[in-house]
Amino acid sequence: MMNDEIHLRLLSVSGSVCGIIFNLSRKPPLRASALWGMVFISVNTYHLRKLYLERVHDISFDGDEMMLYTDHFQECDVEPWQFKKLIRSGGCRFRRYDKGDVIIEGGSKPLKDVMMVVRGEVGAEDPRYDSRTRPLLYSYRGDGKNGCVIGGTALVDSSVKGKNYPHRLVVTENDTLVVKWDADKLKDVMESDKDIESAFLQSMYVELIQGLRRQRSDEERKKDRRSKLQRRAAKRTTAQIMSDSLHEFESIAKHAIHNGRTYEERNPDGSGSQVYLELKSSDKKMARVFASENQINKHQIERVLN
């Protein structure tokens, strides 16, 4: 009762009548307060008449509208006048599709509409696969056996707004009927008219929650996949960094050897001589510091020098 504007205004009129009776029964009568109460009664009476005419005037549906109302809204106790306001607002339009028609190519642009499958079936596919091997992730059906709301999470989760729709939507049955609302317009209308908000959310509460859970599940799977790729990339990056470091250390070593001085010393027993290489102290320091900073161990140094 407290969600119905007519009941609330009738309650306000009753309160104003009681206030007028009370003010006029005082001695002396409080005529200014009673007059103010009459103003309230007049305003509320005007709006009551407007609401009444709105609910009883032109409550008629065509075939598509009647199917949408009886199959998806009537069982949720949505009144005909509420449903009429809903289909008159938010850029509502009905579209028919045949099998194979593509509603949106996944990953290329955001889904700007909230859609509901009234009759038939629409499948969600992974756009990364070839069309011949593309798997069907899930389907939206208009017979109540499966979810029928597409893009509804944008109404309850603002974080998905503006993001590219992740799936490719393709019609899988002939003569599929889909009703679309512009998401931004529908949200504005729902915020300004609580009757429409109540009608829409009452009928689609379960569908919206299922869609939200499915969206979050997809995001979690993508996050896990990105995490695995990042870990693999990190391993490749570490190996690449070490390879580059060893290559640069090899260049430093060659430069030091090239700048070094060779000299020969005879063996103490007179059996021959040995050739020695003397490196510049600056080159030795450079190689030692580079190896320390890049965590090049003794074994790796020996491999580079050999």
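Residues numbered from 1 in each chain as written. Predicted model: local features only at pLDDT ≥ 70, side-chain atom pairs only at ≥ 80, totals over all residues. Heavy atoms only, no water.

With that out of the way, let us pick up the sheet that holds strand 6 (residues 149-150). The strands that make up a sheet pair up through hydrogen bonds in the backbone, lying either parallel or antiparallel. Taken in spatial order, the 4 strands line up as 1-8-3-6 in an open sheet, and their pairing is antiparallel. Strand pairing shows two members of the sheet lacking a second neighbour, strand 1 (93-97) and strand 6, which therefore form its edges. Contacts between helix 3 (residues 63-73) and the sheet are confined to strand 1, strand 3 (113-119) and strand 8 (176-182), with strand 3 contributing the most and set at about 90° to the helix. (Pairing = 2+ DSSP bridges. Helix = DSSP H or I, 4+ residues; strand = E, 2+ residues; numbered from the N terminus. Contact = heavy atoms within 4.5 Å. Axes fitted to C-alpha atoms, helices over the stretch in contact; angles between N-to-C directions.)

A separate point is the packing of aromatic side chains. Working definition: an aromatic ring pair is given by the centre-to-centre distance plus the angle between the planes. Evaluated as defined, the whole model comprises 4 aromatic pairs. Their ring planes at 90° and their centres at 5.6 Å tell us that W36 and F40 sit as a pair that is edge-to-face. One end of the pair, W36, and the other, F40, are both in helix 2 (residues 31-56), 4 residues apart, so they sit about a helical turn from each other. Looking at F40, the relative accessible area reads 40%, which means it is partly exposed. (Phe/Tyr/Trp six-rings, centres within 6.5 Å; stacked < 30°, edge-to-face > 60°. Buried < 20%, exposed > 50% of the residue type's maximum accessible area, 1.4 Å probe, protein only.)

Mapped onto the fold, R141 is located in strand 5 (residues 136-141). Among the polar contacts listed, one links the side chain of R141 to the side chain of E121, at a separation of 3.4 Å. (Polar contact = N/O pair within 3.5 Å; in protein donor to acceptor, adjacent residues only side chain to side chain.)

Next up on the list: helix 1 (residues 5-24). An ideal rise of 1.5 Å per residue puts 28 Å on 20 residues; helix 1 measures up with 29 Å between its terminal C-alpha atoms. By the burial criterion, the buried members of helix 1 are I6, R9, V13, S16, I20 and N23. Axial view of helix 1: buried residues confined to an arc of 110°, hence all on one face. Exposed positions of helix 1 whose direction lies more than 90 degrees from the buried face are C18 and I21. (Expected span 1.5 Å × (residues − 1). Arc of directions from axis to C-beta.)

A few words on the packing of helix 3 against helix 4 (residues 80-87). Helix 4 packs onto helix 3 with a crossing angle of 120° between their chain directions and a minimal axis gap of 11 Å. As judged from the angle between their axes, helix 3 and helix 4 are oblique. Here helix 3 and helix 4 pass one another in a crossing that is right-handed. For the pair formed by helix 3 and helix 4, the contact residues are E65, L68, Y69 and F73 on the first element and P80, F83, K84, L86 and I87 on the second. Among the residues making up the contact of helix 3 with helix 4, the classes are represented as 7 nonpolar, no polar and 2 charged. (Parallel < 35°, antiparallel > 145°, perpendicular 65-115°, else oblique. Left-handed = near helix turned anticlockwise from the far one by under 90°. Nonpolar A, V, L, I, M, F, W, Y, C, P; charged D, E, K, R; others polar.)

Moving on, we get to helix 3. Listing the buried residues of helix 3 in full gives D64, E65, L68, Y69, H72 and F73. One face of helix 3 carries all of its buried residues, which in axial projection span an arc of 130°. For helix 3, the N-terminal capping position is held by D62, with its side-chain oxygen 3.3 Å away from the main-chain nitrogen of D64.

This part covers the sheet that holds strand 5. With respect to topology, 4 strands assemble into an open sheet ordered 2-7-4-5, the strand pairing being antiparallel. In this open sheet, the two edge strands, each paired with only one partner strand, are strand 2 (102-104) and strand 5. When strand polarity is set aside, the average angle formed by the axes of neighbouring strands in this sheet is 30°. In terms of strand pairing, strand 4 (residues 121-125) meets strand 7 (residues 168-171) through 4 bridges, oriented antiparallel. The residue bridging A124 from the neighbouring strand is L169, located in strand 7.

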